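# Survey of secondary and tertiary structure
Read off the chains here:
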Amino acid sequence: MSPLFFWKLWIKDYRYTWVALAILLTLSIGYLWFAYAKGPDNVMHWDKLQEQKIIETTVHSFRLGPLSLDVPADSYVILEHLNGSDLKPNITAYYIFLVVLVISAIVLITVISSLDGFWFFAGMTAVILFLIGMRFEVLGIMGRYDQVVPSVILGCYLLLAFYFNRFRPSTTFPIRLASFALLTAMVAIVITFLSVVENPMAYLAVTGYVPALVLSLLFIIMTAHEVFAFLIKAAGQGSSKNLRHVAIICFVYFLNLLITALHEVGTIQWDFVYINAYFLLTLAAVIGIWGYKDREVLYENIFPFYPLGAFFFLALGAICLITTGQLVANDNDPAIRVIRHTIIYSHTGYGLIFMIYVIANFIQTLGENRSIAEHLYRPQRMPYFTYRLAGTITMLAFFFVSFWQGYVSDATAAFYNMSGDLHAMENDPEYAEGLYKKSKSQSVLNHRANYSLANAAMSQFRFRDAQDFYESANLKRPTSYSILNYANTYLWELEYKEAIRAYRRILASKEQVDAAAVNLGYAYIKYGGVDSALFYLSDAREISLTKTTAELNFLALAATKVLPIDTDSTLKIFDTDDAGVKANSLALGSLLGQRVNVVSDPLVKQPMSLQEATLLNNYIIHNATTLDTTFTRDAFAIASDSLNADFSEALKASLAYAFYHQGNVRKALEILAELVYRSQAYQGKFNYIMGLWALEQQTPELAAEYFDYANFYNYKNGRLYYAIALTEARRTSEALVAWDSILVAGDLSAQRIATNMRRILTLRSDQLAGLSDSDLYQFNRYRVTNDDSVTTERLLNGFTNANYKAQALLDVSKRLFDEGKVVKAIRYYQRIAGLSLTDSNLYNNVRHFELEMLASRGELRSLATQINKDIHFGPTRFLQKVWYTALLSEQSGDLATATRNYDILASYNPFFVEGLEAAAAFYRKKDAKSLKPYNILAEAVQVNKRSLKLLRAYHAEAIRMGFDEFAATAAETIVEIESAKDY
């Protein structure tokens, strides 16, 4: 059997134990390298910090007489930059460390219980120190923080070990191991259920650091020469030529060790590939298994390699590797420095003396090119102990040169870091911060404590303190996170020039900080440097970490600076599923009036992120005129969910536009009215939107009320639109006062409008000669009464443009029709037929007004005929189409369809009086005693309080139902409105 697989010759129980411990060691090695590969990412990550900006876009526009009015809506863009996260302790690493430590400790205690005489007592002394070092008293077991419970635990282990050693020395190793494992399980149960502290196992992971570190350093020193020993053994397997080659390899290896050691000391700072300390540790641990077997001649008086020595080595190695892995996984750099330097210094010091040991003892054998592998630990001149002593002195020399007190401080600082982690996990940030400060006092430049303190200072807006801490973190062992966060402090202070300088220094340095370019682009956006921002964002797109953020910021920049790009094509080039990028593209598309096809479902029912909420909001605004009722209903449910309370107001405000364009004006107004009641910050904004909608619904009286509120809150052009609403309502005296106020306080464009409107409102009918078609049209719209046919004819004869004349005829016809003067209205309407119109919108308005007159007069056969003449019903004429469908369905006897459509007319739009009257009439026919017709009109009057046509219909219905008091109130309101108009 090959000595390489020596355990195959062992009995089954020992072989299984060996395999289990070998697996434990292998897993510990694997975890170390896994943690090393991740580096600081074990406990830190990149946070994406978002900033939202409002981009005002236009949902739709409409014409109001001579004016074109835009209905604005808020889309949002997200700007983003990267910031190193708060340091989050790797609790998994702590628990893995504790499990391996406990298992290995059980093995070591079991081995010690098998020793004889002095070595048993020496070993038990080590066990006592180990258990004391675990500091069970801090757990508050059964509410006690004294030494009683730890003493009981210690006594249990000592008594069990003494029992096996003195009274049952023949007990096999597996039974001993199982006994100690059972005792440990019992102790674990007591600790878990009877400890006062919240996370007792986490406490043990912290307190276990000190004994584990001591054992780890012993293992490192114990295996420090194994690489040299391995090379020498390998030399003995070959020819003399091979021996010379290995001798050269040994020299090169030692030279690299020495260079690495001098680098760690700080003597040299070459651009050189230094030996990896963890590779040395791993290699020594693995080949040390066979090296330790070969050294059996040195310790066989204590215990033989088979099996106790093998178990001892594997358990001690597992502790060392997992301790190192835990420290690396938590980026606890003070302790990492202690371990790294111990590895390098011990391998260098012991390696140098081991070469001397070999030469001193075996120079003659080497000269004869004979193998010394079998005699390596049977010295002839220089004792092995002398090698160990001299190696220790050489190793310590490196520590003394490097200021040995610093290593003690580093080890202490690491303990405070772990303690700080413990209290951070228990949501006690103030105490954790105090422990990190203690760590910093022990090791001033340790990255972990400084980084934690810097982030704590940032959260408290103590930017100067944060900069000092980040600087300390970056002096000895900088990470990408601490380097970038230092520059980010200037962003938080709004010092964009300094931030730009800091980011540029990072990019010019040797440090590889992938997030620097995108943050520099972000800083240029904030500073206003568009070209530079585009340049660095382009660079950042080439880096996987920052690609999405760069694309997000590019679209945000394009939106804030209104850069004329093809948004949909850009989104296709980006080829991303990121919600933020899609949200920004929708905002940009809405701003530029471009259609953007976002292939994704923006409806997210679970708690939404900022990006998801922004995507949904911008999707609603971008598609407000075309969204279907199912989507709107589902989106409203999401916005109303308490889980999305942070985004509810903005989403509901945007959904109001969707409801409005679906014809459900009542629901749209209800949403904004509720938001006005709940919101202090946006009362002016929401009243402004409702005012525009009221103007579009041809209810200027109500619009004036909304704009009066908007003006009170000093929102945008509230004063201007208040004057427009008063003018449309023909409240000329009030309108003149409002226009005068604009002449005093308005901007230049508003003043031009005010000057013109004031001139129109103060013109006399004998001053019409020589006026432009635009002025004639405005005079007709705002000044001429329905009874003044003479002035009307003079105006109509004065038009030179057919479109203006047709619009004036249409306005006159509508006013007369609303007053019930049907014959006269038709007469004016018929005069449009002889005009050559070039405005397609005007032509469509003329055709649709004909349909309204036919429907109102009950001429349904003519109505159906005209509808079939290729008349288009756009989204804005949804309710008109529903009205005609209801009338024709009722006539044909399809009462189910008629009822469905009348229900829509009854509830959707309180300003569509014709539809309300038709719905009331339908239900009146079905049941003359029903209150439904009255309720339809009464509910509409609550919103549309200033419509004469609606008030007259309500007045008549109230009289019919015998509600004389309500009828009288309606009559008074009618008189009030009519008297307010200046005819």
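Residues numbered from 1 in each chain as written. Predicted model: local features only at pLDDT ≥ 70, side-chain atom pairs only at ≥ 80, totals over all residues. Heavy atoms only, no water.

Looking at an unreviewed UniProt entry, one finds the protein named Tetratricopeptide repeat protein, with Pseudochryseolinea flava as its source organism.

Next up on the list: the overall build of the protein. When you go through the protein residue by residue, the secondary structure sums to 46 helices and 2 strands. By the compact-globule yardstick of 30 Å for 983 residues, the protein is too spread out, its C-alpha radius of gyration being 44 Å. Buried residues in the protein amount to 54% of all 983 residues. In the protein, once contacts between residues fewer than 6 apart in sequence are set aside, the share between residues at least 24 apart is 66%. (Helix = DSSP H or I, 4+ residues; strand = E, 2+ residues; numbered from the N terminus. Rg over C-alpha atoms; globule rule 2.2 N^0.38 Å. Buried < 20%, exposed > 50% of the residue type's maximum accessible area, 1.4 Å probe, protein only. Contact = heavy atoms within 4.5 Å.)

Let's shift gears to the domain arrangement of the protein. For the protein, the domain assignment lists domain 1 (12-35 + 89-216), domain 2 (682-762), domain 3 (767-872) and domain 4 (874-982). Taken together, the contact between domain 3 and domain 4 spans 12 residues of the former and 11 residues of the latter. Roughly 1100 Å² of surface becomes buried between domain 3 and domain 4 when both sides are summed, with 61% attributable to carbon and sulfur atoms. When the buried area of domain 3 at its contact with domain 4 is split by residue, Asp-818, Glu-852 and Leu-860 rank highest and sum to 39% of it. Measuring nitrogen to oxygen at the nearest pair gives 3.8 Å for the salt bridge that ties Lys-949 to Asp-818. The interface formed by domain 3 and domain 4 holds 3 residue pairs in polar contact (both at pLDDT 80 or more) in total. Where the side of domain 3 that touches domain 4 is concerned, the elements lending two or more residues are helix H39 (840-857) and helix H40 (860-867). (Domains from an automatic or database assignment. Buried area = accessible area lost by both parts, 1.4 Å probe. Salt bridge = Lys/Arg side-chain N within 4 Å of Asp/Glu carboxyl O. Polar contact = N/O pair within 3.5 Å; in protein donor to acceptor, adjacent residues only side chain to side chain.)

The next point concerns the pattern of salt bridges. Scanning the entire structure with this criterion turns up 38 salt bridges. As a salt-bridge pair, Glu-495 and Arg-464 come within 3.5 Å of each other at their nearest N and O atoms. With Glu-495 in the loop between helix H19 (480-492) and helix H20 (496-508) and Arg-464 in helix H18 (residues 463-476), this pair connects stretches of sequence that are 31 residues apart. The exposure class of Glu-495 is partly exposed, given its relative accessible area of 27%. Under the relative-accessibility criterion, Arg-464 is labelled partly exposed at 46%. Three or more residues joined by partner-sharing salt bridges are found here, namely Glu-433, Lys-437, Arg-462 and Asp-465.

The peptide bond linking Tyr-306 to Pro-307 adopts the cis configuration, its omega dihedral lying at -10 degrees. Considering the arrangement of structural elements, one finds Pro-307 in helix H12 (residues 305-329). Positioned with a positive phi, Asp-575 is a non-glycine residue whose angle comes to about 50 degrees. Relative to the assigned elements, Asp-575 resides in the loop between helix H24 (567-574) and helix H25 (579-592).

Axis separation between helix H27 (residues 629-640) and helix H28 (residues 645-661) bottoms out at 9 Å; the angle between their running directions is 160 degrees. What the angle tells us is that H27 and H28 run roughly antiparallel. Crossing handedness for the pair H27 and H28: left-handed. The segment H27 lies against H28, with Thr-632, Ala-635, Phe-636, Ala-639 and Ser-640 engaging Ser-648, Leu-651, Lys-652, Leu-655, Ala-658 and Phe-659. (Axes fitted to C-alpha atoms, helices over the stretch in contact; angles between N-to-C directions. Parallel < 35°, antiparallel > 145°, perpendicular 65-115°, else oblique. Left-handed = near helix turned anticlockwise from the far one by under 90°.)

Running from N to C, helix H44 (residues 932-943) and helix H45 (residues 948-960) cross one another at 140 degrees; their axes reach a closest spacing of 9 Å. Here H44 is positioned oblique relative to H45, judged by the angle of their axes. As for the relative orientation of H44 and H45, their crossing is left-handed in sense. Judged by residue contacts, Pro-933, Tyr-934, Leu-937, Ala-938, Ala-940 and Val-941 of H44 engage Leu-950, Leu-951, Ala-953, Tyr-954, Glu-957, Ala-958 and Arg-960 from H45. Residue classes in the contact of H44 with H45 are distributed as 11 nonpolar, no polar and 2 charged. (Nonpolar A, V, L, I, M, F, W, Y, C, P; charged D, E, K, R; others polar.)

Taken as a whole and judged by the stated rule, the model has 69 aromatic pairs. Aromatic side chains Tyr-357 and Tyr-384 sit 6.1 Å apart centroid to centroid with 85 degrees between the ring planes, which places their arrangement in the edge-to-face category. Residue Tyr-357 is located in helix H13 (residues 333-367), and its partner Tyr-384 is located in helix H14 (residues 384-401); the two are separated by 27 residues in the primary sequence. Lying across the ring of Tyr-377, Arg-295 places its NZ or CZ 6.0 Å from the centre. Positioned above the aromatic ring of Tyr-923, the side-chain terminus of Lys-932 is 4.0 Å from the ring centre. (Phe/Tyr/Trp six-rings, centres within 6.5 Å; stacked < 30°, edge-to-face > 60°. Lys NZ or Arg CZ within 6 Å of the ring centre and 35° of its normal.)

Further remarks concern helix H15 (residues 404-425). For H15, with 22 residues, the first-to-last C-alpha span of 32 Å sits near the 32 Å given by 1.5 Å per residue. Asn-427, located one to two residues past H15, shows a positive phi value of around 55 degrees. (Expected span 1.5 Å × (residues − 1).)

Time to look at the nonpolar core. Residues Trp-693 and Trp-739 are the most contacted members of the largest nonpolar core, which totals 138 residues. Here this core takes 9 residues from H28, the largest share from any one element. With sequence-adjacent residues up to four places away left out, Trp-693 is seen in contact with His-60, Val-71, Ala-656, Tyr-657, Tyr-660, Ala-668, Leu-669 and Leu-672. Among the nonpolar cores identified, the runner-up in size contains 127 residues, and Ala-35, Phe-311, Cys-320 and Leu-321 belong to it. (Core = buried A, V, L, I, M, F, W, Y, C linked by side-chain atoms within 4.5 Å.)

Moving on, we get to the pairing of strand E1 (residues 46-64). Where E1 meets strand E2 (residues 67-84), 18 bridges bridge the pair, whose relative direction is antiparallel. Of the residues in E2, the one forming a bridge with Gln-52 is Ile-78. Here E1 hands over to E2 after 2 residues, with Gly-65 in that stretch at a positive phi of 60 degrees. (Pairing = 2+ DSSP bridges.)

This next bit is on the environment of Gln-778. Topologically, Gln-778 is positioned in helix H35 (residues 773-782). Residue classification places Gln-778 among the buried residues on the basis of a relative accessible area of 3%. Between the C-alpha atoms of Gln-778 and Ile-867, which are 89 residues apart in sequence, the distance is 32 Å.

Together, Met-142, Ile-189, Val-190, Phe-193 and Leu-194 make up an exposed nonpolar region whose accessible area comes to about 520 Å². Tracing the backbone through its elements, the reader meets Val-190 in helix H5 (residues 173-194). Classification of Val-190 by relative accessible area gives partly exposed; the value is 35%. (Patch = residues over 30% accessible without salt bridge, like charges linked within 9 Å, V, L, I, M, F, W, Y side chains within 5 Å. Areas by Shrake-Rupley, 256 points an atom, 1.4 Å probe, with all protein chains shown as cover.)

End to end, helix H23 (residues 547-560) covers 20 Å across 14 residues, agreeing with the expected 20 Å (1.5 Å per residue, within 8%). For H23, the tally of buried residues reaches 10 of 14 residues, placing the bulk of the element in the interior. Considered for burial, the residues of H23 that qualify are Thr-549, Ala-550, Glu-551, Leu-552, Asn-553, Leu-555, Ala-556, Leu-557, Ala-558 and Ala-559. In the core, the buried residues of H23 are packed alongside E1, E2, helix H21 (516-527), helix H22 (530-540), H24 and H25.

Structurally, Ser-452 can be placed in helix H17 (residues 447-459). Only 3.0 Å separates the side chain of Ser-452 from the backbone oxygen of Arg-448, close enough to count as a polar contact. Ignoring sequence-local partners within four residues, the contact set of Ser-452 consists of Leu-87 and Tyr-436.

The next thing to look at is the environment of Phe-5. Among the secondary structure elements, Phe-5 is positioned in the segment before helix H1 (12-38). Separated by 961 residues in sequence, Phe-5 and Phe-966 place their C-alpha atoms 104 Å apart.

Relative to the helices and strands, Thr-57 resides in strand E1. On the basis of relative accessible area, Thr-57 is assigned to the buried category, the value being 3%. For the pair Thr-57 and Ala-587, spaced 530 residues apart in sequence, the C-alpha separation works out to 7.8 Å. For Thr-57, the contacting residues outside a window of four places in its chain are Val-71, Pro-72, Ala-73, Ser-75, Ala-587, Ser-590, Leu-591 and Ile-621.

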